Amino acid sequence: MSPETLGVWGPSHFTTSAQRPAGAALHLPPSKWSELSRGETVWIQEDKWGFDAGLVDEVSSDHEFLWIEFAGRGRRLLCGGDPVQVWTRG
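Residues numbered from 1 in each chain as written. Predicted model: local features only at pLDDT ≥ 70, side-chain atom pairs only at ≥ 80, totals over all residues. Heavy atoms only, no water.

**Student:** In this structure, what is going on with the confidence of the model for the protein chain? I would like to understand it.
**Tutor:** When pLDDT drops low, the exact placement of atoms in the prediction is not to be read closely. In the predicted model, the protein chain carries a mean pLDDT of 80, and 79% of its residues have values of at least 70. Taken element by element, the protein chain is modelled with least confidence in helix 1 (residues 3-6), mean pLDDT 46, and with most confidence in strand 6 (residues 84-88), mean pLDDT 93. Taken as a whole, residues 1-16 scores under 50 in pLDDT and shows 46 contacts with residues more than four places along the chain or in a different chain. (pLDDT = per-residue confidence, 0-100. Helix = DSSP H or I, 4+ residues; strand = E, 2+ residues; numbered from the N terminus. Contact = heavy atoms within 4.5 Å.)

Structure below.
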């Protein structure tokens, strides 16, 4: 995935800003992760780190696990119990 793939979402990197990006309109709790599609752009928000843009790579069959591809940094597995929030364009 390249920064160009993310378009207006910008390059993938953590920011120190706690402010939600304007494009991140809809918060999806883990129970709604099944609504995500492979290749869909999402924002991951973590306390003390801010927001990071990525693409959905895979959603587990039970929808409690989510793989996100971050530009230049590889994949990351998110679990439903992790202290993160997933945001989409809505």
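**Student:** Could you clarify how one ought to interpret the nonpolar core in this entry?
**Tutor:** Soluble globular proteins tend to pack their nonpolar side chains together in the buried interior. Of all hydrophobic cores here, the largest spans 12 residues; its members are Leu28, Trp33, Leu36, Val42, Ile44, Val56, Leu66, Ile68, Phe70, Leu78, Val84 and Val86. Elements that contribute at least two residues to this core include exactly strand 2 (41-46), strand 4 (65-70) and strand 6. For this core, the element with the highest residue contribution is strand 4, accounting for three residues. Those residues in contact with leucine 36 that lie beyond four places of it in its chain are Leu28, Val42, Val56, Val59, Leu66, Val86 and Thr88. Ranked by size, the runner-up nonpolar core spans five residues in total, among them Ala24, Trp43, Phe51 and Ala53. (Core = buried A, V, L, I, M, F, W, Y, C linked by side-chain atoms within 4.5 Å. Buried < 20%, exposed > 50% of the residue type's maximum accessible area, 1.4 Å probe, protein only.)

**Student:** For this particular structure, what's the right way to read the sheet that holds strand 3 (residues 50-59)?
**Tutor:** Strands belonging to one sheet form pairs held by backbone hydrogen bonds; the direction of such a pair is parallel or antiparallel. In spatial order, the strands read 1-6-2-3-4-5; together these six strands make up an open sheet with antiparallel pairing. A strand with exactly one partner marks an edge of an open sheet, and here the two such strands are strand 1 (26-28) and strand 5 (74-79). Mean inter-strand twist for the sheet, computed between neighbouring axes without regard to direction, equals 45 degrees. One ladder, built from three bridges, connects strand 1 with strand 6; its direction is antiparallel. Of the residues in strand 6, the one forming a bridge with histidine 27 is tryptophan 87. (Pairing = 2+ DSSP bridges. Axes fitted to C-alpha atoms, helices over the stretch in contact; angles between N-to-C directions.)

**Student:** Help me understand the pattern of salt bridges in this model?
**Tutor:** Once their charged atoms are close, side chains differing in charge can pair, the charge on each being opposite to the other. This model, assessed by the stated rule, comprises five salt bridges. With a closest N to O distance of 3.1 Å, arginine 38 and aspartate 57 form a salt bridge. Residue arginine 38 is located in the loop between strand 1 and strand 2, and its partner aspartate 57 is located in strand 3; the two are separated by 19 residues in the primary sequence. Note on arginine 38: relative accessible area 68%, which makes it exposed. The class for aspartate 57 is buried, based on a relative accessible area of 15%. The shortest N-O distance in the salt bridge between arginine 76 and glutamate 46 comes to 2.6 Å. Of the two residues, arginine 76 sits in strand 5 while glutamate 46 sits in strand 2, which places them 30 residues apart along the sequence. Here arginine 76 falls in the partly exposed class, since its relative accessible area comes to 26%. Judged by its relative accessible area of 12%, glutamate 46 is buried. Through salt bridges with shared partners, one network takes in Arg38, Asp57, Glu58 and Arg75. (Salt bridge = Lys/Arg side-chain N within 4 Å of Asp/Glu carboxyl O.)

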